Amino acid sequence: MPRSHGSEIDTLIQLLAKLPGLGPRSARRSTLQLLKKRDSVMVPLARALEQVAEKIVICGTCGNIDTTDPCHVCEDGRRDRTTVCVVEDVADLWALDRSETYRGLYHVLGGTLSALDGVGPDELNIAPLLARAATGEVKEIILALNATVDGQTTSHYLAERLAEFGVKVTALAHGVPVGGELDYLDDGTLAAALKARGTVS
Ligand code: ZN
């Protein structure tokens with residue numbers, strides 16, 4: 001095959017193609033844009049990647065990924081510290097926070113219970129959630145898991161485990177389509193789902 005560029009550029013294309021939403025074609029186009037905008041985009045991007053890569057940590061309190069531990073959400077004094085919203089993934093935390101309907105704290109599970117994939121309670125960030133519930137500071141825990149079978153199974157499991165702590169346990173209601181994933185919803189749907197949340201039976 002004729003070579004139109006050096007192997008370093010090839011490596012860049014291959015790495016970009018690993019990102020969600022970017023196939024090989026989009027990765028080639030993105031790479032070309034980076035090459036053309038070396039000073040205004042490529043160099044600042046390389047610096048930002050390096051800085052974030054050096055600093056990323058998982059928040060010991062909530063499981064969020066950030067550059068500080070505790071994370072910026074847990075450290076934010078303007079948030080309601082009596083409410084904790086439980087999500088599967090950091091993408092869901094970002095999505096809910098974008099909706100600007102909710103201004104409490106979060107807890108990231110890192111997945112859902114799954115008999116098929118062999119994911120049990122010990123594989124998820126559940127023990128720290130129970131510890132947070134036990135402190136007495138938290139008055140309400142909102143289960144904002146995906147409306148999938150595994151998400152709902154996990155919701156019921158958590159509701160049972162949380163019952164002993166005397167906290168109000170609620171879950172997202174209307175708005176989230178069955179089989180839907182939070183990260184793909186528009187902000188209005190997410191806001192409606194948060195407002196219509198109900199107690200888990
Ligand atoms: Zn945190």
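This structure is a prediction, so every number in the text was calculated from the model and none was measured. (Residues numbered from 1 in each chain as written. Predicted model: local features only at pLDDT ≥ 70, side-chain atom pairs only at ≥ 80, totals over all residues. Heavy atoms only, no water.)

Caption draft 1: Representation of the sheet that holds strand β3 (residues 80–87). On the basis of which strands lie adjacent, the open sheet formed by five strands has the order β4-β3-β5-β6-β7 and mixed pairing. Of all the strands in the sheet, the pair left with one neighbour each is β4 (104–108) and β7 (198–199). Bridge analysis of strand β5 (residues 140–143) against strand β6 (residues 168–171) gives four bridges, and the strand direction is parallel. The partner of Leu-143 across the bridge, within β6, is Ala-171. Along the sheet, helix α5 (residues 90–98) makes contact with β3 and β4, crossing β4 at roughly 160°. Running at roughly 165° to β5, helix α7 (residues 149–162) makes contact with β3, β5 and β6 of the sheet. (Pairing = 2+ DSSP bridges. Helix = DSSP H or I, 4+ residues; strand = E, 2+ residues; numbered from the N terminus. Contact = heavy atoms within 4.5 Å. Axes fitted to C-alpha atoms, helices over the stretch in contact; angles between N-to-C directions.)

Caption draft 2: Up close: the coordination of the zinc ion. Every protein donor of the zinc ion is accounted for by Cys-59 (SG), Cys-62 (SG), Cys-71 (SG) and Cys-74 (SG), and the metal-donor separations fall at 2.3 Å. Here the zinc ion is ringed by four donor atoms whose angles at the metal span 104 to 116°, and the overall shape comes out tetrahedral. In the primary structure, the donors to the zinc ion are separated according to the pattern C-x2-C-x8-C-x2-C. (Donors = N, O, S within 2.8 Å, 3.2 Å for Na, K, Ca; no water. Tetrahedral: all angles 85-135°; square planar, octahedral: opposite > 155°, others 65-115°.)

Caption draft 3: Representation of the pairing of β4 in the model. Most of β4 sits out of view: five of its five residues are buried. Across five bridges, β3 lies against β4 in parallel orientation. Residue pairing across strands places Val-84 opposite Leu-105, the latter belonging to β4. A crossover connection joins β3 to the parallel β4 through α5; in handedness this β-α-β unit is right-handed. (Buried < 20%, exposed > 50% of the residue type's maximum accessible area, 1.4 Å probe, protein only. Right-handed = clockwise from strand over helix to strand, strands pointing away.)

Caption draft 4: Structural detail: a nonpolar patch on the surface. Taken together, the side chains of Val-52, Ile-56, Ile-58 and Ile-65 present a nonpolar region at the surface, about 360 Å² in accessible area. One can find Ile-65 in strand β2 (residues 65–66). (Patch = residues over 30% accessible without salt bridge, like charges linked within 9 Å, V, L, I, M, F, W, Y side chains within 5 Å. Areas by Shrake-Rupley, 256 points an atom, 1.4 Å probe, with all protein chains shown as cover. Salt bridge = Lys/Arg side-chain N within 4 Å of Asp/Glu carboxyl O.)

Caption draft 5: Geometry of the nonpolar core. In this structure, Cys-85, Val-87, Leu-96, Tyr-106, Leu-172, Val-176 and Leu-182 are the most contacted members of the largest nonpolar core, which totals 24 residues. At the level of secondary structure, the elements contributing two or more residues to this core comprise α4 (72–75), β3, α5, β4 and α8 (187–195). Residue contributions to this core peak at four residues, all from α5. With sequence-adjacent residues up to four places away left out, Tyr-106 is seen in contact with Cys-62, Val-73, Arg-79, Val-84, Cys-85, Val-87, Leu-93, Leu-96, Asp-97 and Arg-132. (Core = buried A, V, L, I, M, F, W, Y, C linked by side-chain atoms within 4.5 Å.)

Caption draft 6: A look at the packing of aromatic side chains. Applying the stated rule across the entire model yields one aromatic pair. The interplanar angle of 75° and the centroid separation of 5.2 Å between the aromatic rings of Tyr-102 and Tyr-106 together place this pair among those described as edge-to-face. Across the pair, Tyr-106 and Tyr-102 agree in class, each one buried. (Phe/Tyr/Trp six-rings, centres within 6.5 Å; stacked < 30°, edge-to-face > 60°.)

Caption draft 7: View of the packing of helix α1 (residues 7–16) against helix α2 (residues 24–36). Taken N-terminus to C-terminus, the directions of α1 and α2 make an angle of 125°; their axes are 8 Å apart at the nearest point. Considering the angle they form, α1 stands oblique to α2. Once α1 is placed against α2, the crossing between them reads as right-handed. Contacts between α1 and α2 involve Ile-9, Leu-12, Ile-13 and Leu-16 from the first element and Pro-24, Ala-27, Arg-28, Ser-30, Thr-31, Leu-34 and Leu-35 from the second. For the contact of α1 with α2, the per-class residue count stands at eight nonpolar, two polar and one charged. (Parallel < 35°, antiparallel > 145°, perpendicular 65-115°, else oblique. Left-handed = near helix turned anticlockwise from the far one by under 90°. Nonpolar A, V, L, I, M, F, W, Y, C, P; charged D, E, K, R; others polar.)

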